Amino acid sequence: MSTLAVHDHSVAHHEEGHEHHHKATFLNTYVFSQDHKMIAKQFLITGITMAFIAMTLSILFRIQLAYPDKSFPLLETLLGRFAPGGRLSPDFYMSLVTIHGTIMVFFVLTAGLSGTFANLLIPLQVGARDMASPFVNMLSYWFFLIASIIMLSSFFVEKGPASGGWTIYPPLSALPKAMPGSAEGMTLWLISMVCFVASSLMGGINYVSTVLNMRTKGMDLWKMPLTVWALFLTAILGVLAFPVLVAGVVLLIFDRSFGTSFYLSDIVLNGKPQGFEGGSPILFQHLFWFLGHPEVYIVIMPAMGISSEVLSVNSRKPIFGYHAMVYSLIGITVLSFIVWGHHMFVTGMNPFLGGVFMITTLIIAVPSAVKTFNWLATLWRGNIRFTPAMLFAIGMVSFFISGGLTGIFLGNAALDINLHDTYFVVAHFHLVMGSAAIFGMLAGVYHWFPKMFRRMMDERLGYLHFWLTFIGAYLVFFPMHFMGLDGVPRRYYAFTEFESMKRWLSVNVFITWSAILAGVAQVAFICNFIYSIFKGKHTVQNPWQANTLEWTAPIEHVHGNWIGEIPTVYRWPYDYSKPGHDEDFIPQTVPFSQTMSSNLPHDFEDNPEGLAEYNKWTATQKANEEVK
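Residues numbered from 1 in each chain as written. Predicted model: local features only at pLDDT ≥ 70, side-chain atom pairs only at ≥ 80, totals over all residues. Heavy atoms only, no water.

## So, the overall build of the protein
What the protein contains, in helices and strands, is 18 helices and two strands. Taking 628 residues into account, the globule formula puts the C-alpha radius of gyration at 25 Å, and the protein, at 26 Å, falls close to it. When the backbone C-alpha atoms are referred to their principal axes, the protein occupies close to 100 × 55 × 50 Å. Put simply, the protein has 628 residues, and 58% of those count as buried. For the protein, restricting intrachain contacts to residue pairs at least 6 apart in sequence, the fraction spanning at least 24 positions comes to 77%. As displayed, the protein has an accessible area near 26000 Å², and 67% of this comes from carbon and sulfur atoms. Charged side chains in the protein number 35 positive and 38 negative. The centres of these two groups are separated by 6 Å. (Helix = DSSP H or I, 4+ residues; strand = E, 2+ residues; numbered from the N terminus. Rg over C-alpha atoms; globule rule 2.2 N^0.38 Å. Buried < 20%, exposed > 50% of the residue type's maximum accessible area, 1.4 Å probe, protein only. Contact = heavy atoms within 4.5 Å. Areas by Shrake-Rupley, 256 points an atom, 1.4 Å probe, with all protein chains shown as cover. Lys, Arg positive; Asp, Glu negative; His and termini not counted. Charge placed at Lys NZ, Arg CZ, Asp CG, Glu CD.)

## Focus: the layout of surface pockets
Think of a ball as big as a water molecule: rolled over the atoms, this probe shows where empty space is left. Its boundaries defined by the atoms lining it, the second largest pocket holds a volume of some 1000 Å³. Around the second largest pocket, the lining is made up of 42 residues, and of these His-293, His-342, His-343, Gly-407 and His-428 lie nearest the centre. Taken together, the elements giving at least two residues each to the lining of the second largest pocket come down to helix 10 (281-315), helix 12 (351-379), helix 13 (388-411) and helix 15 (423-453). Among the elements that take part in the lining of the second largest pocket, helix 13 stands out by supplying eight residues, more than any other. Its residues placed into classes, the lining of the second largest pocket shows 23 nonpolar, 15 polar and four charged. (1 Å grid on protein atoms, 1.4 Å probe; cavity = no way out; pocket = protein on both sides within 12 Å on 5 of 7 lines; lining within 4 Å. Points joined across faces, edges and corners; volume = space filled by probe spheres on them. Nonpolar A, V, L, I, M, F, W, Y, C, P; charged D, E, K, R; others polar.)

## With respect to empty space enclosed by the protein
Evaluation of the coordinates by the stated rule reveals five cavities of 30 Å³ or more. Forming the walls of the largest cavity are 45 residues, and the residues nearest its centre are Ser-58, His-100, Met-104, His-430 and Phe-477. Per-class residue counts for the lining of the largest cavity are 31 nonpolar, 11 polar and three charged. Roughly 200 Å³ of internal volume is contained in the second largest cavity. Around the second largest cavity sit 20 residues that line it, and Thr-110, Ser-114, Ser-200, Gly-204 and Tyr-207 are the ones nearest its centre. Of all the secondary structure elements, the ones that give two or more residues to the lining of the second largest cavity are helix 6 (111-126), helix 8 (184-213) and helix 9 (226-257).

## Quick notes on the pattern of salt bridges
Evaluated as defined, the whole model comprises 12 salt bridges. The partner of Lys-37 in a salt bridge is Asp-35, with the nearest N and O atoms 3.1 Å apart. With a relative accessible area of 4%, Lys-37 lands in the buried category. Here Glu-499 makes a salt bridge to Lys-502, at a shortest N to O gap of 3.4 Å. Accessibility expressed as a relative area gives 63% for Glu-499, which makes it exposed. You can call Lys-502 partly exposed: its relative accessible area is 39%. (Salt bridge = Lys/Arg side-chain N within 4 Å of Asp/Glu carboxyl O.)

## As for unusual backbone geometry
For the bond running from Pro-170 to Pro-171, omega is 10°, close enough to zero to count as cis. Within the secondary structure, Pro-171 is located in the loop between helix 7 (134-153) and helix 8. Positioned with a positive phi, Ile-168 is a non-glycine residue whose angle comes to about 40°. Along the polypeptide, Ile-168 turns up in the loop between helix 7 and helix 8.

## Details of the environment of Glu-459
Following the sequence through the fold, Glu-459 ends up in helix 16 (residues 459-485). Residues Glu-459 and Ala-389, spaced 70 residues apart in sequence, show a C-alpha to C-alpha distance of 9.5 Å. Not counting residues up to four positions away in its chain, the partners in contact with Glu-459 are Thr-387 and Pro-388.

## Side note on the side chain of Ser-95
Here Ser-95 lies in helix 5 (residues 90-108). Of note is the side chain of Ser-95, whose polar atom sits 2.8 Å from the side chain of Ser-163. With residues near it in sequence (within four places) discarded, Ser-95 still touches Pro-161, Ala-162 and Ser-163. (Polar contact = N/O pair within 3.5 Å; in protein donor to acceptor, adjacent residues only side chain to side chain.)

## As for helix 16
In a regular helix each residue adds 1.5 Å, so 27 residues correspond to 39 Å; helix 16 covers 40 Å between its end C-alpha atoms and thus fits that length. Here helix 16 starts with a cap whose side-chain oxygen sits 3.2 Å from the backbone nitrogen of Arg-460, and that cap is Asp-458. Following helix 16 by one or two positions, Gly-487 has its phi on the positive side, about 90°. (Expected span 1.5 Å × (residues − 1).)

## Remarks on the packing of aromatic side chains
Think of a pair of aromatic rings as described by two things: how far the centres are apart, and how the planes are tilted against each other in angle. With the rule as written, the count across this model stands at 60 aromatic pairs. With 5.7 Å between their ring centres and 70° between their planes, Phe-106 and Phe-196 make a pair best called edge-to-face. With a gap of 90 residues between them, Phe-106 in helix 5 and Phe-196 in helix 8 connect regions that are remote in the sequence. You can call Phe-106 buried: its relative accessible area is 0%. Ring centres of Trp-222 and Tyr-322 lie 6.2 Å apart, and the angle between their planes is 70°; on these two criteria the pair is classed as edge-to-face. Taken together, the positions of Trp-222 in the loop between helix 8 and helix 9 and Tyr-322 in helix 11 (residues 322-335) put the pair 100 residues apart, joining distant regions of the chain. The exposure class of Trp-222 is partly exposed, given its relative accessible area of 32%. The buried category is assigned to Tyr-322, whose relative accessible area is 4%. Sitting above the plane of the Phe-592 ring, Arg-571 keeps its charged end 4.2 Å from the centroid. (Phe/Tyr/Trp six-rings, centres within 6.5 Å; stacked < 30°, edge-to-face > 60°. Lys NZ or Arg CZ within 6 Å of the ring centre and 35° of its normal.)

Take a look at the structure:
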């Protein structure tokens, strides 16, 4: 289907929609909305809520690590039986770690990040009236919300929420009697994740369909912003990888409820053999990490696309190496499916197979390095505007570099065997995946807040938020590298039980107070966010003087994004500071015929008619100069 045909169809659909659009009510406008812009807001607000819950859980278990032998009566008041005598019970400590990780990885950094910005940006940046299927898009949010509610409801069952880490390895997850967190809480975890995957699949199929079929006239793949490329490839990753997790979860439910032995063998519980034979917990690890490692890039690629856009806009420079950036995203998408085994070097894997996974892991660092180089080259000698969004995008690059370098250590099998399940791993993935993705998400919130809510966020609070969060994140996670190098294991309830680890107690106190500092910084953000929605300064149509299509849509949200015909695209999205033009930006909707003095021959690679016109204009200008 040609882009012209799709464009004409979207206009007809828009006109028909005005004739038959139902009367706006509170329910179909704010609750069961099928408008991608409102669904983006729903994903964002739900994601922020889940992030604050996960942050609270992390501060609770950090207090336990910093003061393992102290009693806090307030904890018993708040948590009841889960904190007898004012100290977290060991089982509940593991539950906090499990639910914190689950919420952050899936509910914040996957659904909150992709759900928000794929919904907001894909239709607006490719020139579509809405998603390919608005109804399925609405369902994707509601499945996400249901999954979130089920996950949080596990705190209210008798034996508490799921335990065993966010990776839920058997046998803890497969034996309901193994520990309190293996009972009803684990069942709710599994049901929640099935609903979550359903949400992700509905969203992903919608995003892919919209990008492939609903681009406006002139918007070919090489004119799409890097945000759309990143969200498009992230959706493909999710559609291919998440069903494998569902398969693993279904087999786990069979083991838990129907007496099968997919993951269990030779289990003795309280001195009694359980009669399971032939299963292998390593099978679950293969199924989990076949999703789990693409999941790392499902989390980070949207942040890469958002940061690329924000860096270019606020550097007032074209993104360096646009084609290389796209090919590196494609390379990451393909390679991410063949590196999952580096999470399993300590499982007794054949050394030859371990070597294969080690090589592919090191190869996938190449496209990541290309992106890092291109970001730095974009910043080099740019006319940089240090908006809060720009600071968070630069922070994302910083965390991606510092966290990514430690990934080279863990990708090497000989080193990983020593560092596996230590705090070195915690430091690595919290920098490269957690902090980098969060900073990319926050860069997007600050940058596109005017498009979402038609108001501006307060810059001073934005700067305060950035610096406290940036400093706090490094103070929390950087010391963990040294703990890991000393062999300090992760997930332990109290290090005072081990003489060799007592010297790290003061570092745990330092990390905990740094985490509290970073948590307080988020109060500045949430106050800024809520206040700006209702009382912020009204925005102009294109506050950042950006080139992409979303800034051509009216400030007031309308059904179908644009009044009348959708704009036609003529150029790529990064024509900033082009010599010969009187402004430092040229929107994608400006024809080359209106910018002859700044045109270059390579602007017309796929446009021979335009090139002929440009050559004619150049010859005329040269003749006029000779006459003068």
